[in-house]
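Observations on chain architecture
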Amino acid sequence: MVGEHLSKKKEMVGEEMSRELGGSVPITNVQALASSCSGNIPLRYLRPELQSEEVLVDDTLQIPTIDMRKLMVDDDEMGKLHSACKEWGFFQLINHDGVAEVMEKMKADVQEFFKLPQKEKNAYAKQPTGVDGYGQNFVLSEERKLNWADDLFLQTLPIPERKMRFWPQQPTSFRETLDKYSLELVKVSKCLLKPMAKNLAINPEQFANMFEDGRLSLRMNYYPPCEQASKVLGLTPHSDFGGLTLLVQVNEVQGLQIKRNGKWIPIRPLPGAFIVNIGDVIEILSNGEYKSIEHRAVVDPEKERLSIAAFYTPCDGTIIGPLPELTKENGPKYKSVSREDYIKYVIARKPDGKSSVNLMKLES
C-alpha cells in the first residue's frame, strides 16, 4: 500500500513538473465543440477585454515585403530587411525558390489531417508530460482562458528529438512531407540569418552557427468558425520565444493581427509568402536592435482558418544573451543564460504578451 501510494505521488509530481515544462491538462477539442454548440460559448473561451481593444483597419498599413532573390544581390533589399526587423519585427518573404511545391503539399496534408474523424485525431492527443501532439499547449490549470483553436504541435529537428507516436499516419504522405518541409524551412531560415547578421555588423557565419543543428518545431493550427467571433480569440496575444518564426496561411481566411503603437493591425498574407517574425531570442541576441512583436489570431464567424507556424531556435549549448559586439556602446540590456535554462524559464510561463522577454531585461 505504501509503495503504491509513493508510486502515485511520484506520478503526480511528474505530471506537475511536465506541465511546468509545457504540458497541459486535458480539454475538449474545439473543433468538436464548435460543431456541437448552438451559439452558447463556454465561459473559459470568452474574452471580455476584446471589447476595449482597438483594431486599426488601414489598407495602406501593412508589414514590409522582402524579396529573397533580391536579398542575395541587392543592397537596397538588405536595407529593407534591416528596417523590417528593426521597425516592424514582421515581414512577408516572397520568391523563396525551391519551397513552393513542398509547401503546397504540406498545406494539403494539414487540411486532410484536420478533416479526419475526431476519434482518429484524438489518437495523437497531447499527453500531460509534453508539448507534442494534438490539442492545446500551456493549459496549466482548470481556470485558464482557452483559445478557440486546436493545434498539432510536432518537434521535427534535430531528428533524435522527434516523437513519432504523435506524427499522423493519415494522410499517408504526412510524415514524408513534414520531413521534407522541415529541411526546406531550415534552408530558408539560414538564408535570412546571414543577411540579418551583416545588417547588425556581426560575423554572419558565427551568427548562423548558433542555429546550426538548432531546433525546429511546427504548430499546425485549426481555428473553427464561431458565431460570436468578436468574443473569443484563436490565439492569445504573445511574442514568440524562439529565434525566427515562419508562418504560412493554409487557406484564404485571414486572422493574424500584430500590435503596433497600442493598436491591432490585421495582416493580409500574400499568396505563397512566408510571414516571418523576429522571436524573443533574436531580440535578446541583438541587444534590442531587432524587436519581437506581440501578435494574436482572431477567428472568423463563418469560415474555418488554418495555418502552419514553424519555430526555429538555436542549438543546445548556446548562450542566450546579447552578443558582445552589440554591447560595446551601451552595455547589455538583457541577461545571459544557457539555452536550456532559457527554454525552461520561458515554457514555465504561459504565453502572455511580451512577459518572457521583459523578464530577461536588465534593470536600467
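Description of the structure in this document. Residue positions are counted from 1 within each chain, in the order its sequence is given. Predicted model: local features are reported for residues with pLDDT of at least 70 only, side-chain atom pairs are reported and counted for 80 or more only, and whole-chain, interface and lining totals are derived from all residues. Side-chain numbers here rest on the full set of heavy atoms in the structure, without hydrogens or water.

The next subject is the overall build of the protein chain. Along its length, the protein chain carries 11 helices and 14 strands. In this description the radius of gyration comes from C-alpha coordinates, and the expected globular size is given by 2.2 Å times residues to the power 0.38. Over its C-alpha trace the protein chain gives a radius of gyration of 20 Å, about what one expects of a compact globule, namely 21 Å for 364 residues. Across its three principal directions, the C-alpha atoms of the protein chain cover 60 × 55 × 45 Å. Think of it in three bands: with a 1.4 Å probe and only protein chains considered, a residue is buried below 20% of the maximum accessible area for its type, exposed above 50%, and partly exposed in between. Within the protein chain, the proportion of its 364 residues that are buried is 52%. Contacts spanning at least 24 positions in sequence make up 79% of the contacts within the protein chain whose residues lie at least 6 apart. Here the accessible surface of atoms and residues is derived via Shrake-Rupley with a 1.4 Å probe, and residues count as covered only by protein chains that are part of the display. Of the roughly 17,200 Å² that the protein chain leaves accessible, carbon and sulfur atoms contribute 52%. Elements are defined by DSSP. Helices are runs of H or I of four residues or more, strands are runs of E of two residues or more, and each kind is numbered from the N terminus. Whether two residues touch is decided by their heavy atoms; if any such pair falls within 4.5 Å, the residues are in contact.

Our focus in this paragraph is the packing of helix α5 (residues 100-115) against helix α7 (residues 174-199). For helices, the axis comes from a line fit to the C-alpha atoms of the stretch in contact; other axes are also lines fit to C-alpha atoms, and the angle between any two N-to-C directions lies between 0 and 180 degrees. Packing of α5 against α7 leaves a shortest axis separation of 9 Å and a crossing angle of 140°. Relative to α7, α5 is oriented oblique. Handedness of the crossing formed by α5 with α7: left-handed. Between α5 and α7, the contacting residues are Val102, Met103, Lys105, Met106, Asp109, Val110 and Phe113 on the first element and Phe174, Thr177, Leu178, Lys180, Tyr181 and Glu184 on the second. Grouping the amino acids of the contact of α5 with α7 by side-chain chemistry returns 8 nonpolar, 1 polar and 4 charged. An angle counts as roughly parallel when it lies under 35 degrees, as roughly antiparallel when it exceeds 145, as roughly perpendicular when it falls between 65 and 115, and as oblique in every other case. Handedness of each helix crossing follows the sense of rotation of the near helix against the far helix: counterclockwise by less than a right angle gives left-handed, clockwise gives right-handed. As a working rule, the residues Ala, Val, Leu, Ile, Met, Phe, Trp, Tyr, Cys and Pro are called nonpolar, Asp, Glu, Lys and Arg charged, and the rest polar, with Gly in that last group.

This part covers the pattern of salt bridges. For this document, the term salt bridge refers to a Lys or Arg side-chain nitrogen within 4 Å of an Asp or Glu carboxyl oxygen. Applying the stated criterion to the full structure yields 19 salt bridges. In this structure, Lys105 and Asp109 form a salt bridge, with 3.3 Å as the shortest nitrogen-oxygen distance. Here Lys105 pairs with Asp109, and both are found in helix α5, just 4 residues apart, close to one helical turn. What makes Lys105 partly exposed here is its relative accessible area of 36%. Judged by relative accessible area, which is 2%, Asp109 ranks as buried. Between Asp151 and Lys126 there is a salt bridge, with the nearest N and O atoms lying 3.0 Å from each other. Here Asp151, found in strand β4 (residues 150-157), pairs with Lys126, found in the loop between α6 (118-122) and β3 (133-135); they are 25 residues apart in sequence, far enough to count as distant. Of the residues examined, Asp151 reaches a relative accessible area of 8% and is grouped as buried. Classification of Lys126 by relative accessible area gives buried; the value is 13%. What you see here is one network of salt bridges that share partners, running through Glu161, Arg215, Asp316 and Arg339.

Relative to the helices and strands, Thr318 is located in the loop between β12 (305-313) and β13 (319-320). Thr318 gets classed as buried once you look at its relative accessible area, which sits at 7%. Here Cys315 takes part through its backbone oxygen, which lies 2.8 Å from a polar atom of the side chain of Thr318. Dropping the residues within four chain positions of it, Thr318 is found in contact with Met210, Val337, Ser338 and Arg339. Identification of polar contacts relies on pairs of N or O atoms within 3.5 Å, with a donor-acceptor requirement for protein atoms, meaning one able to donate a hydrogen and the other able to accept it, and with residues adjacent in sequence counted only if both atoms are side-chain atoms.

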